[in-house]
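# Tertiary structure, described
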Amino acid sequence: MLGGVRNHPRLAGIVCSISAVGLGLVYMALAGAPERHLLVNSAAIPIGLLLFAAVDQLPDRMRGAAVAMPAAFALLATALFGISAEGATRWANIGPILLQPSLIVLPIMAVALVNTRGPIALASIVIAAIALALQPDRAMAGALAASVAALAAIGPDRWSLLGLAAAVIAFAVTLVRPDNLPAMPYVDGILYSAFQVHPLAGLAVVGGAGLLMVPAIVGWRRRDQRPLAIMLGTVWSAIIAAAALGNYPTPLVGYGGSAVIGYLLSLSLFPKARFAETLPVAPQRKERTGDGDGASLAVGLS
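Residues numbered from 1 in each chain as written. Predicted model: local features only at pLDDT ≥ 70, side-chain atom pairs only at ≥ 80, totals over all residues. Heavy atoms only, no water.

## Let's talk about the overall build of the protein chain
Using the following cut-off: Each helix corresponds to a stretch of at least 4 residues labelled H or I by DSSP, and each strand to a stretch of at least 2 residues labelled E; elements are numbered beginning at the N terminus. Buried means the residue's accessible area, taken with a 1.4 Å probe over protein chains only, is under 20% of the maximum for its type, while exposed means over 50%, and partly exposed covers the values in between. Only heavy atoms matter for contacts: two residues are in contact if any of them lie within 4.5 Å across the pair. Using a 1.4 Å probe, accessible areas were evaluated by the Shrake-Rupley method; residue-level cover was limited to the displayed protein chains.
In terms of regular secondary structure, the protein chain is built from 14 helices and 5 strands. Across the 302 residues of the protein chain, 48% fall into the buried class. Within the protein chain, counting contacts between residues at least 6 apart in sequence, those at least 24 apart form 73% of the total. Here the protein chain has roughly 14,100 Å² of accessible surface; of this, 67% comes from carbon and sulfur atoms.

Written out as structure tokens, the structure reads:
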């Protein structure tokens with residue numbers, strides 16, 4: 001299993017996500033967060049894994065457009081019909097739980113773009129860009145622009161370049177539109193404020209955020225999965241950077257189940273790990289065979 005974690009981004013990501021949420025629970029417990037906050041983040045793990053398994057059932061050929069386009073329309077639906085606060089419309093209610101759909105669908109959309117090219121990819125990017133400009137959401141618009149820039153760098157074509165132009169324009173729109181949302185306790189700005197609670201709380205938050213980059217590093221080592229790893233690392237590093245620079249959610253270690261679900265979903269598009277690849281390789285030993293002076297060496301498995 002340890003070998004599988006070291007060699008397969010999706011396994012590494014599941015382990016790192018659970019660990020990051022655990023470190024976030026340590027921070028929130030030390031900070032005196034309501035028990036409900038801890039329960040929400042904990043419950044997001046099994047929900048995310050169930051959705052991970054659902055995406056896993058999609059045929060490989062459908063893991064691009066079948067994800068990117070619905071994700072883009074989900075962002076647009078949020079902008080048009082979602083819940084508003086202080087001039088921003090970024091949230092949706094699922095029963096008593098308030099979710100931020102962009103944190104759920106944008107990361108998996110970014111990874112799905114690796115396998116989605118041409119007009120469908122451009123349409124998905126443009127719809128998502130318009131939605132994030134309407135909300136407005138600087139953090140996620142910046143994450144979209146960074147992701148499409150990475151996509152254009154991986155394999156530049158006219159579709160990705162046009163998509164990049166749309167994403168950059170949307171990000172620019174969010175920069176000029178007012179964003180008056182105050183920092184939310186246990187959600188925003190905790191990469192710094194956690195150290196004021198306790199040094200261990202600060203280390204838990206920073207360490208948990210750092211764990212989110214591990215699957216991208218693991219995937220980078222595998223040439224066949226490198227483009228997916230680049231997109232995963234880009235979108236989540238942009239989200240973390242936004243949390244460090246402004247009043248935006250700190251993924252997994254801060255309160256909120258949306259990012260937990262979104263992180264697990266973004267791992268689901270990586271190839272499945274074959275069981276044989278996770279087994280330890282048996283050491284080799286040398287056996288002496290032959291008779292008399294005509295001995296020879298044969299290599300076998302012990």
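On we go from here.
## Looking at the packing of aromatic side chains
The line we're drawing: Aromatic pairing here means that ring centres of Phe, Tyr or Trp (its six-membered ring) are within 6.5 Å. Orientation follows from the plane angle: under 30 degrees is stacked, over 60 is edge-to-face, and everything else is tilted. Whether a charge sits over a ring depends on NZ of Lys or CZ of Arg being within 6 Å of the ring centre and within 35 degrees of the ring normal.
Following the criterion strictly, the structure yields 1 aromatic pair and no others. Stacked on the ring of Trp220, the Lys or Arg Arg226 has its end atom at 4.3 Å from the ring centre.

## Here we look at the environment of Pro178
Along the polypeptide, Pro178 turns up in the loop between α8 (158-176) and α9 (190-197). The exposure class assigned to Pro178 is exposed, which follows from its relative accessible area of 60%. Spatially, the C-alpha atoms of Pro178 and Glu86 are 9.5 Å apart, while their sequence positions differ by 92 residues. For Pro178, the residues in contact, after removing those within four places along its chain, are Pro136 and Arg138.

## Considerations on the environment of Ile108
Looking at the secondary structure, you find Ile108 in helix α5 (residues 101-112). Along the primary structure Ile108 and Leu269 are separated by 161 residues, whereas in three dimensions their C-alpha atoms are 7.7 Å apart. Discounting residues that sit within four places of it in the chain, Ile108 has contacts with Val55, Val67, Leu265, Ser266, Ser268 and Leu269.

## A closer look at α5
Using the following cut-off: The span expected for a helix works out to 1.5 Å for each residue beyond the first.
In this model α5 runs 17 Å from its N-terminal to its C-terminal C-alpha over 12 residues, within 8% of the 16 Å that 1.5 Å per residue would give. For α5, a buried count of 12 out of 12 residues is recorded, marking the element as mostly surrounded by other parts of the structure. If you check which residues of α5 are buried, you get Pro101, Ser102, Leu103, Ile104, Val105, Leu106, Pro107, Ile108, Met109, Ala110, Val111 and Ala112.

## Re the pairing of strand β2 (residues 88-94)
Note the cut-off: When DSSP finds two or more bridges between two strands, those strands count as paired.
Note: strand β1 (residues 83-85) against β2, 3 bridges, orientation antiparallel. For Ser84, the partnering residue across the bridge sits in β2 and is Thr89. Following β1, the chain reverses through 2 residues before pairing antiparallel with β2; Glu86 in that reversal takes a positive phi of roughly 55°. As judged from the 3 bridges shared by β2 and strand β3 (residues 97-99), these two strands associate in the antiparallel manner.

## Notes on the nonpolar core
Which entries qualify depends on this criterion: Residues grouped as a nonpolar core are buried Ala, Val, Leu, Ile, Met, Phe, Trp, Tyr and Cys residues, joined through side-chain atoms within 4.5 Å.
Counting 75 residues, the largest nonpolar core has Leu106, Met109, Leu144 and Leu252 as its most contacted members. When residues in this core are grouped by element, the largest group, 10 residues, is from helix α12 (residues 226-245). Ignoring anything within four residues of it in the chain, the contact list for Leu144 reads Leu106, Ile125, Ala128, Ala129, Leu132 and Ala167.

## Some details on the packing of helix α3 (residues 35-56) against helix α13 (residues 257-267)
Quick reminder of the rule: Axis definition: a line fitted to C-alpha atoms, limited for helices to the stretch in contact. Angles are taken between N-to-C directions and run from 0 to 180 degrees. The labels follow the angle: roughly parallel below 35 degrees, roughly antiparallel above 145, roughly perpendicular from 65 to 115, and oblique for the rest. By definition, turning the near helix anticlockwise from the far helix through less than a right angle yields a left-handed crossing, and turning it clockwise yields a right-handed one.
Direction vectors running N to C along α3 and α13 enclose 25°, while the axes themselves pass 8 Å from each other. One way to sum up the angle between α3 and α13 is to call them roughly parallel. Once α3 is placed against α13, the crossing between them reads as right-handed. Touching Val40, Asn41, Ala44, Ile45, Ile47, Gly48, Leu49, Leu51, Phe52 and Val55 of α3 are Gly257, Val260, Ile261, Leu264, Leu265 and Leu267, all from α13.

## Things to note about the side chain of Thr116
Note the threshold: Here a polar contact is recorded for every N or O atom pair within 3.5 Å, except that within protein the pair must consist of a potential hydrogen donor and a potential acceptor, and residues adjacent in sequence are included only if both atoms are side-chain atoms.
For Thr116, the position within the fold is in the loop between α5 and α6 (119-134). Within the structure, Thr116 has its side chain in polar contact with the backbone oxygen of Ala112 (distance 3.0 Å).

## Considerations on the packing of helix α2 (residues 9-31) against α13
Just so we agree on the cut-off: As a working rule, the residues Ala, Val, Leu, Ile, Met, Phe, Trp, Tyr, Cys and Pro are called nonpolar, Asp, Glu, Lys and Arg charged, and the rest polar, with Gly in that last group.
Their axes nearest at 9 Å, the elements α2 and α13 cross at an angle of 170°. By the angle class used here, α2 and α13 are roughly antiparallel. Contacts between α2 and α13 involve Pro9, Arg10, Gly13, Ile14, Ser17 and Val21 from the first element and Val260, Tyr263, Leu264 and Leu267 from the second. Taken together, the residues that form the contact of α2 with α13 break down as 7 nonpolar, 2 polar and 1 charged.

## Let's talk about α8
Spacing of three or four residues puts side chains on the same side of an α-helix, whose turn is 3.6 residues. An ideal rise of 1.5 Å per residue puts 27 Å on 19 residues; α8 measures up with 28 Å between its terminal C-alpha atoms. Packed against the buried residues of α8 are α6 and α7 (138-154). Taking the backbone nitrogen of Trp159 as reference, a side-chain oxygen 3.1 Å away marks Asp157 as the first, capping residue of α8.

## Quick notes on unusual backbone geometry
Cis geometry marks the peptide bond from Gln135 to Pro136; its omega dihedral reads -25°. Its location among the elements puts Pro136 in the loop between α6 and α7. Phi at Tyr186 is positive, roughly 65°, even though this residue is not glycine. Looking at the secondary structure, you find Tyr186 in the loop between α8 and α9.

## Regarding the sheet that holds β3
Ordered by their spatial adjacency, 3 strands build an open sheet running β1-β2-β3, and the pairing between neighbours is antiparallel. This sheet does not close on itself; its edge strands, each paired only once, are β1 and β3. Geometrically, the sheet is characterised by an average inter-axis angle of 40° between neighbouring strands, direction not taken into account.

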